[in-house]
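A look at the structure
Residue-level listing of the chains:
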Amino acid sequence: MSDQDVDRAAWQGRPVGRRTFLRGVAGVVGVASVPGLLAACSPAGTASGAPASSAPAGSSAAPASSSASPSGSATGTLNIGSNNSDPTPKKAMQAVVDAFTQETGIQVKLNTVDHGSFQDNLSQYLQGTPDDVITWFSGHRMRFFANQGLFTPIDDVWSTVGSNFGDAMKTAATNDDGKVYLIPFDTYAWTVYYRKSVWDAKGYTIPTTLDAFKQLAQKMKDDGLVPIGLGDKDGWPAQGHFDVIDLRENGYQYHIDLMNGKAKWTDPQVKQTFTVWKSLLPFYQEGAAGRKWQDAAAGLVQKTTGMMLQPQVGETFAAAGPDEFKDLTFFPWPNHGTKWDDEKSLDAPIDGFMLTAKSPTLSQNMDAAKAFLEFAATGKAQQIFVKEQAAFIGAAKDVDATQYTPLQQEQVKVLSDAKSVAQFLDRDTRSDFAGPQGMQAFLIDFLQKPDQDLDAYLKKIQDYYDSLGPEA
Amino acid sequence: MVEDADAAGDAARLGAPGADGVVRPRRRYHLLSRRDRVVLSLMVGIPLILDLALIWAPAAASFALSFTNWRGVEPITAKSVVGLQNYEQLFTGTYPFFWPAVSHNVVWLAFLMFVATPLGMLLAVLLDREIRGSRIYQTAFYLPVVLSLAVIGIIWQLQYSADNGFIDVALRALGVTNPPDWFGDQTTVLVAPLNLWAAMIAASWRHVGYVMILYLAGLKSVDPALRDAAKVDGASERQTFTAVVFPAMAPINVVVVVITTIEALRAFDIVYIINRGRNGLELLSTLIYNNSISESSRVGFGSAIAVVLLVVSLGPIIAFLVRIMRRDAS
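Residues numbered from 1 in each chain as written. Chains lettered and ligands numbered in written order. Predicted model: local features only at pLDDT ≥ 70, side-chain atom pairs only at ≥ 80, totals over all residues. Heavy atoms only, no water.

Things to note about the overall build of chain B
Helix and strand counts for chain B come out as 14 helices and two strands. Over its C-alpha trace chain B gives a radius of gyration of 28 Å, far above what one expects of a compact globule, namely 20 Å for 330 residues. Counting all 330 residues of chain B, 39% fall into the buried class. Residue pairs at least 24 apart in sequence account for 59% of intrachain contacts in chain B once pairs closer than 6 positions are excluded. (Helix = DSSP H or I, 4+ residues; strand = E, 2+ residues; numbered from the N terminus. Rg over C-alpha atoms; globule rule 2.2 N^0.38 Å. Buried < 20%, exposed > 50% of the residue type's maximum accessible area, 1.4 Å probe, protein only. Contact = heavy atoms within 4.5 Å.)

Quick look at unusual backbone geometry
Phi is positive for Leu190 of chain B, close to 55 degrees, though the residue is something other than glycine. Examined against the element boundaries, Leu190 of chain B turns out to sit in the loop between β1 (188-189) and β2 (192-193).

A look at a nonpolar patch on the surface
Residue and element names in this part refer to chain B. A cluster of nonpolar side chains, contributed by Val38, Leu42, Ile46, Leu48, Leu50, Leu52, Leu54, Ile55 and Trp56, occupies part of the molecular surface with about 910 Å² of accessible area. Relative to the helices and strands, Trp56 is located in helix α2 (residues 34-65). Here Trp56 falls in the exposed class, since its relative accessible area comes to 52%. (Patch = residues over 30% accessible without salt bridge, like charges linked within 9 Å, V, L, I, M, F, W, Y side chains within 5 Å. Areas by Shrake-Rupley, 256 points an atom, 1.4 Å probe, with all protein chains shown as cover. Salt bridge = Lys/Arg side-chain N within 4 Å of Asp/Glu carboxyl O.)

A closer look at the nonpolar core
Among the nonpolar cores identified, the biggest contains 151 residues, and Leu78, Ile183, Trp265, Phe274, Trp277, Met307 and Phe372 of chain A are the most heavily contacted of them. Listed in part, the 42 residues of the second largest apolar core include Trp108, Ala198, Met249 and Ile270 of chain B. (Core = buried A, V, L, I, M, F, W, Y, C linked by side-chain atoms within 4.5 Å.)

A look at the interface of chain B and chain A
At the interface, 41 residues of chain B touch 41 residues of chain A. Here chain B packs against chain A, burying approximately 3,300 Å² in sum over the two surfaces, 47% of which is carbon and sulfur. Where chain B packs against chain A, one counts three salt bridges. The salt bridge involving Arg276 of chain B is made with Asp120 of chain A; its shortest N-O contact spans 3.3 Å. Elements that contribute at least two residues to the side of chain B that touches chain A include exactly α3 (85-92), α6 (149-160), α12 (269-275) and α13 (284-293) of chain B. If one sorts the elements of the side of chain B that touches chain A by residue count, α13 of chain B sits on top with five residues. For the side of chain B that touches chain A, the per-class residue count stands at 12 nonpolar, 19 polar and 10 charged. (Buried area = accessible area lost by both parts, 1.4 Å probe. Nonpolar A, V, L, I, M, F, W, Y, C, P; charged D, E, K, R; others polar.)

Thoughts on the sheet that holds strand β9 (residues 328-331) of chain A
Note on sheets: strands pair through backbone hydrogen bonds, and any given pair is parallel or antiparallel. All names here are of chain A. Spatial ordering of the open sheet is given by β7-β8-β6-β9, a layout of four strands whose pairing is mixed. The open sheet has two free edges, formed respectively by β7 (226-228) and β9, since each of these has just one partner strand. On average, adjacent strands in this sheet sit at an angle of 30 degrees to one another, irrespective of strand direction. On top of the sheet, helix α11 (residues 210-222) reaches β7, β8 (305-309) and β9; it is set at about 140 degrees to β8, its chief contact. (Pairing = 2+ DSSP bridges. Axes fitted to C-alpha atoms, helices over the stretch in contact; angles between N-to-C directions.)

Comments concerning the confidence of the model for chain A
Per-residue confidence for chain A averages 85 on the pLDDT scale, and 84% of its residues sit at or above 70. Across residues 1-74 of chain A, confidence stays below pLDDT 50; counting only partners more than four residues off in sequence or on other chains, it has 74 contacts. (pLDDT = per-residue confidence, 0-100.)

Concerning the pattern of salt bridges
Across all of its chains, the model carries 22 salt bridges over all chains by this definition. For Arg291 of chain A, the salt bridge goes to Asp163 of chain B, with nearest N and O atoms at 2.7 Å. Of the two residues, Arg291 of chain A sits in the loop between α13 (268-280) and α14 (293-301) while Asp163 of chain B sits in the loop between α6 and α7 (166-173), which places them in two different chains. Asp163 of chain B sits in the partly exposed class, given a relative accessible area of 30%. One continuous salt-bridge network, built from bridges that share partners, spans Arg195, Glu324 and Asp327 of chain A.

Spelled out as structure tokens, the structure:
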């Protein structure tokens, strides 16, 4: 899959290719003879050292994108890089952009790249010629690139829109340097999903403690159901399981310290987390390492699986039909009987928009970019995005909750109950540690061999973390 | 043309007037005309420049980067240089995925060499007998070689998936209660994880067709007179093949061995589509990719693995070249 996608990404990721080419041509032909051509085709004032710098400055109204349709009331243009490549989010993203264009008259060139390729190539993309605004994640993933100077801080935008977000959102949008880099757009809570009809038929009730949870799982097993569905072929779903158990056992702050390397994987606290997890594994679906999460979700749809800790099942149920979707609901992970239960913390990854630093069109499009960020910070815009997407809710305060599905309303409630919100292991820690040769592999190793010597296992993880060296 | 040049050269050396009566300046004698030389230097120079720029320069850069902890983003400074630390982490096992990857590559090579390649040869010998429908079989066996990666991924997903794959569904229908998890189970079976066996079978599915086509071409090039002579001498079918036909195919054998080795060392695609090459499917190539190119951006560390793979690959390539050159010399 990736070769093609990378090629496409490389092509789409550089919308200035043709203009750069023209600049090059102009440099050969002699720039004085073709200022008109340059004014039409080159974003003024962006060419560093290229002959185009002699083009009339201040011609920011020049249509940078000649592929756009005749722009009636256009006051500017904007390039947005988007990783919303699956059909539903892609359509939703286009709807957001259309609404923005309708409201402001600013033409947007939406550059959608397969989300896997987008993620893998982000570092090169941000250093090359990125789009002005891109979709990206909060947490460590945001900080890593922001610390490299590859994103532009947006404190001025935040000063106008910040009041529309809660404290958890502000924390997630702020980097270590105290500056805001992200406009939170949508989020989703990692909770335990199940089918009401199955539970009603069997007389199951929501477990609020870990013991009740295990008893329920045992009952499901006796009833011939797979108690806890899991498909971890992609490596990340199991990370959500580790997170929530660690949050209950050791609390939010410890969990984040562990993710940041301040706490050690060899600590007794971590061993405790794995010990508790191990006690749950007899209720897990077998063969998780070879199963895609979509296949695990299919078990929930087909009523062979009792429950699943994974928010993406919403997509599966939405695709299965409105009746199936109405039958889907969830409960937050049960209490463990520790002092951290009151935090009610959980994983809720936040996606949002960020302003790149090296976009060649950024200085010209700055006003348009900021207008878009302000637009994205409104409940109205987020509503458009999450309307079709069963698994997501908007990140702003003024999203009209009455338009939500019951499932989305439940998500809002569980998130407002939480005192702290983690982003998900993959986003809270460094990406080289979280990836395929890293926590993805280590957690599957544990799932397959839960009886191994935990001390040796955790030492292996810590040794690997220590070997990674400074994160640039 | 060469003769003309000679004549002109002689004339020039003599300083004698030419046919037109003009005395030409002395010129050095050249075997090739100026035009020949220009053409030749272009023909040698352009590939040389491309070779240097696209192969040797990146290889040298990769070698240099392997002594740094560069992450692909920040400028390289003296602080980036970490000496042999990357190699140390590889060889001492601090990076726990390296030695499994090496052993998986070795198993992969052995499997292709001793199972898939002989199988391809066997198919070639069978199909060489002009049996009915030979063309159809050839096409069928060769088809996997031309299929795109995405299609191959889907095909093997349909075969191996534990929930709805053909193999496990068939096994369940036959009464097997807990059929294997082909993609995920990394329990060691014989010398390799179970899922690596599954991946190797998928890779062989492709490799067999490739080898078959090469041997079919090789068999066609064997002089039929040799077979007839063997027959006259009373050799059995098997003897004819092992003692006459197989040795006569020596050039093809070398090509096939080299291709098999290279295929095994650069194996990547199938394990990558299964699970990005982890949990039993680690190969040197996936480690390089996951470190250098993916989001984790450990370019320096990935380069060190690439250097190891390069050194390992040089072995068979040098052996191959030495053999070829020796033959040309004799």
